Amino acid sequence: MARIEFRNLGHAYGPHPSAPSDFALQPMNMVWEDGGAYALLGPSGCGKSTLLNIISGLLTPSHGQVLFDGKDVTTTPTRGRNIAQVFQFPVLYDTMTVYDNLAFPLRNRKVPEKEVHQRVHEVAEILGMSHTLKQRASGMSADAKQKISLGRGLVRKDVSAILFDEPLTVIDPHLKWQLRRQLKQIHQQLKLTLIYVTHDQVEALTFADEVVVMTNGKIVQKGAPDALFERPDHTFVGYFIGSPGMNFYPVSVDAADERGIHIGSHRIELDPAQVSVLKRAQGTLQMGIRPEFIELAPAGSHGALEADIWNVQHLGTCQLVSGTVAGHPLKGKLAANAAVQPGRHWLRLARPETIFFCNDERIAR
Ligand SMILES: Nc1ncnc2c1ncn2[C@@H]1O[C@H](COP(=O)(O)OP(=O)(O)OP(=O)(O)O)[C@@H](O)[C@H]1O
C-alpha cells in the first residue's frame, strides 16, 4: 500500500487554462495516507473521475505532480503503478469459473499457486462466495458478477491502492448495505488504501474513515463523517450532506448592535462573541443550521425567530416540519413528542451548533 500525494495537482482538458472554470480539477495539495479508507463524494461533473483517472495513471494531469510513497509517478502509465480498480459495471471473464476470475490478477503477477489458492479462498469467504467458486461467471446475476469484480480488486495484497468507481450501482439495495459493511471489515482487516468514488452520501458516510467532498473541481472539505455533519467548512458540504441538508439564511450586521444580527428585517439575538466575529468578516454572510438542531422556543427568546410552519410529517423518531422563516425556506426535525401543528411557532435557530459562513466558508461555529 502507498501514501499518495498531490503536489499542486490540477487538470484542464482544454489548452491554456486561465480562469478557475477552465479546470476540471482545480490545482490542489492533498495527501491520501497509507492504509486510509477514503470516500470521494460529489455531484455529477464535479471532477471525481478525473481525479481517480489521474491516480490510476489513465490520465496525465495538465498541472502538478502525483507521488506514491514520495516517488514521482506523474507520467508513469497505469501498469507501472500497481493499482487495482473496480468499476461501476462488472469487469471479468465470462467463460472462466469464479475461482479462475479471482485468481487471474495473482496468476498474472506469477504468484505461486499455493498462495493463489489461499488468497482466493480468503477473499471468497469474505464476500460469501465460497460455494460458487466452481461455477462459471457467465450464468450468474449482475450482483454476483459485481461481487467477483470486487473480489478481483481485493485479491492482491501488494497493490498501492484500490480505486472503486461507484462499484455498487448495479447492486440490489439490500445487498448494497451488506457489501458496504463487508468492504469496511475488509479494510479493517487488511489496512488497504481504498478510495471509493460515489455521489451517494450514505454510501460515503458508512464506508469511509475520511470523506473528501468535491464540487466544481475543488475539494471543499476532507474529514470524518461526523465532522462534515457538525462542522461543515463550506456551504456546499452543509447542503450536500444531511437529509434534508442545512438551512441557510443571509445575515447582515449593524455597527451599533453588539448583541444581534438581522435576517432581512428580522432581528435575532446572538452571543456578543459571535456578533463580533461576523462584524470583522468581509464578504457575504450566511447563517447555517441543520434541521436536527432546530427546536421550539418561547416567544421572543434568545436566538429564536417566529416561523410559519405549513407542514408537519411524523417520521417515527422525529417530526419533519417545513415552512418559512424571515421569508426563507425552513426544514426542521423536531422531537417526536414536540407540540407542533401547522401555524406560527417560535423556533431557536441560533444554537451552539449553528454555523456562520463568509463567502461560503465557515468562519464561526
Ligand atoms: N475527456 C474530456 N474532455 C473534456 N472535458 C471532460 C472530459 N472528461 C470530463 N470532462 C469534464 O470535466 C468535468 C469533470 O468531469 P468528471 O467526469 O471528472 O466528473 P465526475 O464527478 O466524475 O462526474 P460523474 O459522476 O458524472 O462521472 C466535467 O465538466 C466534464 O464535462
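Residue indices follow the written sequence of each chain, beginning from 1 at its first position. Under the rules for a predicted model, residues below a pLDDT of 70 receive no local features and side-chain atom pairs below 80 are neither given nor counted, while totals for whole chains, interfaces and linings still include all residues.

- The protein is annotated in an unreviewed UniProt entry as ATP-binding cassette domain-containing protein of Pseudoduganella ginsengisoli.

## Here's the deal with the overall build of the protein
Step number 1: The helix and strand tally for the protein stands at nine helices and 21 strands.
Step number 2: When each of the 365 residues of the protein is scored for burial, the buried share is 39%.
Step number 3: C-beta atoms are placed from the backbone for every residue, and two residues are taken to be in contact when these atoms lie within 7 Å. For the protein, the proportion of contacts with a sequence separation of at least 24, taken over those separated by at least 6, is 66%. Starting at the N terminus, helices and strands are each numbered in turn, a helix being any DSSP run of H or I of at least four residues and a strand any DSSP run of E of at least two. Exposure is read from a count of other C-beta atoms within 10 Å of each residue's own; the residue is exposed at 12 or fewer, buried at 20 or more and partly exposed in between. C-beta atoms are placed from the backbone.

## Quick notes on the domain arrangement of the protein
Step number 1: Those domain boundaries reflect an automatic or database domain assignment. Split by domain assignment, the protein resolves into domain 1 (4–237) and domain 2 (243–364).
Step number 2: Look at where the C-alpha atoms of domain 1 and domain 2 centre, and you get two points 39 Å apart.
Step number 3: Counting from both sides, the interface comprises six residues of domain 1 and, opposite them, ten residues of domain 2.
Step number 4: Each residue gets one label: Ala, Val, Leu, Ile, Met, Phe, Trp, Tyr, Cys and Pro are nonpolar, Asp, Glu, Lys and Arg are charged, and the others, such as Gly, are polar. Among the residues forming the side of domain 1 that touches domain 2, the class breakdown is one nonpolar, two polar and three charged.

## Things to note about the packing of helix α2 (residues 98–108) against helix α3 (residues 113–126)
Step number 1: Fitted lines through C-alpha atoms serve as axes, helices being fitted only where they are in contact, and the angles separating the N-to-C directions of these axes extend from 0 to 180 degrees. Between α2 and α3, the least distance of the axes is 10 Å, while the angle of their chain directions is 125°. In this view, α2 runs oblique relative to α3, as classed from their interaxial angle. Remark: the crossing between α2 and α3 carries right-handed chirality. On the side of α2, the interface is formed by Tyr99, Leu102, Ala103, Leu106 and Arg107, while α3 contributes Val116, Arg119, Val120, Val123 and Ala124.
Step number 2: In terms of residue class, the contact of α2 with α3 is made up of eight nonpolar, no polar and two charged. Here the word oblique covers every angle except those under 35 degrees (roughly parallel), over 145 (roughly antiparallel) and from 65 to 115 (roughly perpendicular). By convention the crossing between two helices is left-handed if the near helix lies anticlockwise of the far one by an angle smaller than a right angle, and right-handed if it lies clockwise.

## Some points on the environment of arginine 109
Step number 1: Position of arginine 109 among the secondary structure elements: in the loop between α2 and α3.
Step number 2: Once the C-alpha coordinates of arginine 109 and histidine 121 are considered, the two residues, twelve residues apart in sequence, prove to be 18 Å apart.

## Quick word on the site of the ligand
Step number 1: In this analysis, residues qualify as near a molecule or strand once their C-beta atom, positioned from backbone atoms, comes within 6 Å of it. Lining the immediate surroundings of the ligand are Tyr13, Ala24, Gly42, Ser44, Gly45, Cys46, Gly47, Lys48, Ser49, Thr50 and His199.
Step number 2: Residues that form the shell around the ligand fall into these classes: three nonpolar, seven polar and one charged.

## Thoughts on the environment of methionine 1
Step number 1: Looking at the secondary structure, you find methionine 1 in the segment before β1 (4–11).
Step number 2: Residues methionine 1 and asparagine 82 lie 81 residues apart in sequence; the distance between their C-alpha atoms is 9.3 Å.
Step number 3: Residues in contact with methionine 1, not counting those within four places in the same chain, are Asp34, Gly35, Ser160, Ala161, Leu192 and Thr193.

## Looking at the UniProt feature "domain: ABC transporter" (unreviewed entry) in the protein
Step number 1: UniProt positions are given in the numbering used here, feature names are shortened, and annotations may be inferred rather than shown by experiment. Per the UniProt record, "domain: ABC transporter" (unreviewed entry) is annotated on residues 4–241.
Step number 2: Structurally, residues 4–241 is divided into 35% helix and 23% strand, and its ends, taken at the C-alpha atoms, are 26 Å apart.

## Considering helix α5 (residues 173–190)
Step number 1: The end-to-end C-alpha distance of α5 is 26 Å, a good match for the 26 Å that 18 residues give at a rise of 1.5 Å each.
Step number 2: What α5 keeps buried is the set Leu179, Arg180, Leu183 and His187. Taken end-on, α5 shows its buried residues confined to a sector of 105°, consistent with a single buried face. For α5, the exposed residues lying more than 90 degrees away from the buried face are His174, Arg181, Gln185, Gln188 and Gln189.
Step number 3: Looking at the buried side of α5, the elements it contacts are β3 (37–41), β8 (194–198) and α6 (201–207).
Step number 4: Looking at the residues trailing α5, positive phi occurs at lysine 191, about 50°. Between the first and last residue of a helix there are one fewer steps than residues, each counted as 1.5 Å, and that sum is the expected span. It is the directions from the helix axis to the C-beta atoms whose arc is reported.

## Details of the pairing of strand β11 (residues 247–251)
Along any regular strand the residues' side chains alternate between the sheet's two faces.
Step number 1: Of the two faces of β11, only the one carrying Asn247, Tyr249 and Val251 is buried; Phe248 and Pro250 on the other face are not.
Step number 2: Relative to strand β14 (residues 285–289), β11 runs antiparallel, the two sharing five bridges. Directly across from asparagine 247, in β14, lies its bridge partner isoleucine 289. Following DSSP output, two strands are said to pair if at least two bridges run between them.

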